Amino acid sequence: MFTVYYLDGRNVLLNQLRKSVPNQGEQVKIKGRKGIVTSVTAADERKIHVQVELESVNKAKLAAEDDKKKKKKR
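The sections below set out a description of the structure shown in this document. (Residues numbered from 1 in each chain as written. Predicted model: local features only at pLDDT ≥ 70, side-chain atom pairs only at ≥ 80, totals over all residues. Heavy atoms only, no water.)

### Digging into the overall build of the protein
Regarding its fold elements, the protein presents 1 helix and 5 strands. Ordered by position in the sequence, the α and β elements of the protein form the string β-β-β-β-β-α. Intrachain contacts of the protein at a sequence separation of at least 6 include 28% that bridge at least 24 residues. In the structure as shown, the protein presents an accessible area of about 6,500 Å², 47% of it carried by carbon and sulfur atoms. (Helix = DSSP H or I, 4+ residues; strand = E, 2+ residues; numbered from the N terminus. Contact = heavy atoms within 4.5 Å. Areas by Shrake-Rupley, 256 points an atom, 1.4 Å probe, with all protein chains shown as cover.)

### Side note on the nonpolar core
One finds Val4, Tyr6, Leu13, Val28, Ile30, Val37, Ile48, Val50, Val52 and Leu54 forming the largest nonpolar core, which totals 10 residues. Among the secondary structure elements, those contributing two or more residues to this core are strand 1 (2–8), strand 3 (27–30) and strand 5 (47–54). Top element by residues in this core is strand 5. It accounts for 4 residues. Ignoring anything within four residues of it in the chain, the contact list for Val4 reads Leu14, Asn15, Gln16, Arg18, Pro22, Ile48 and Val50. (Core = buried A, V, L, I, M, F, W, Y, C linked by side-chain atoms within 4.5 Å. Buried < 20%, exposed > 50% of the residue type's maximum accessible area, 1.4 Å probe, protein only.)

### With respect to the sheet that holds strand 4 (residues 33–42)
Taken in spatial order, the 5 strands line up as 2-1-5-4-3 in an open sheet, and their pairing is mixed. Of all strands in the sheet, those bounded by a partner on one side alone are strand 2 (11–18) and strand 3. Along the sheet, successive strands turn relative to each other by an average axial angle of 40 degrees, direction set aside. (Pairing = 2+ DSSP bridges. Axes fitted to C-alpha atoms, helices over the stretch in contact; angles between N-to-C directions.)

### A short note on the pairing of strand 2
Alignment of strand 1 against strand 2, held across 7 bridges, turns out to be antiparallel. For Phe2, the partnering residue across the bridge sits in strand 2 and is Arg18.

As structure tokens, this is what we get:
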């Protein structure tokens, strides 16, 4: 069993106790956000640091989609 720390830069996104270690280039989904594993380094025998590059979320686009919804008339 390995303790896997998912990092985005210096920020820890998630740590998990896993039986297997993710590979470089593998697709992951953390907290509802898609990402790609950029590097895997072993800090200790059982501690693995995984660098992840998450997709950027365009908040302006999400706000524009909400305006398109029609309101119900009573």
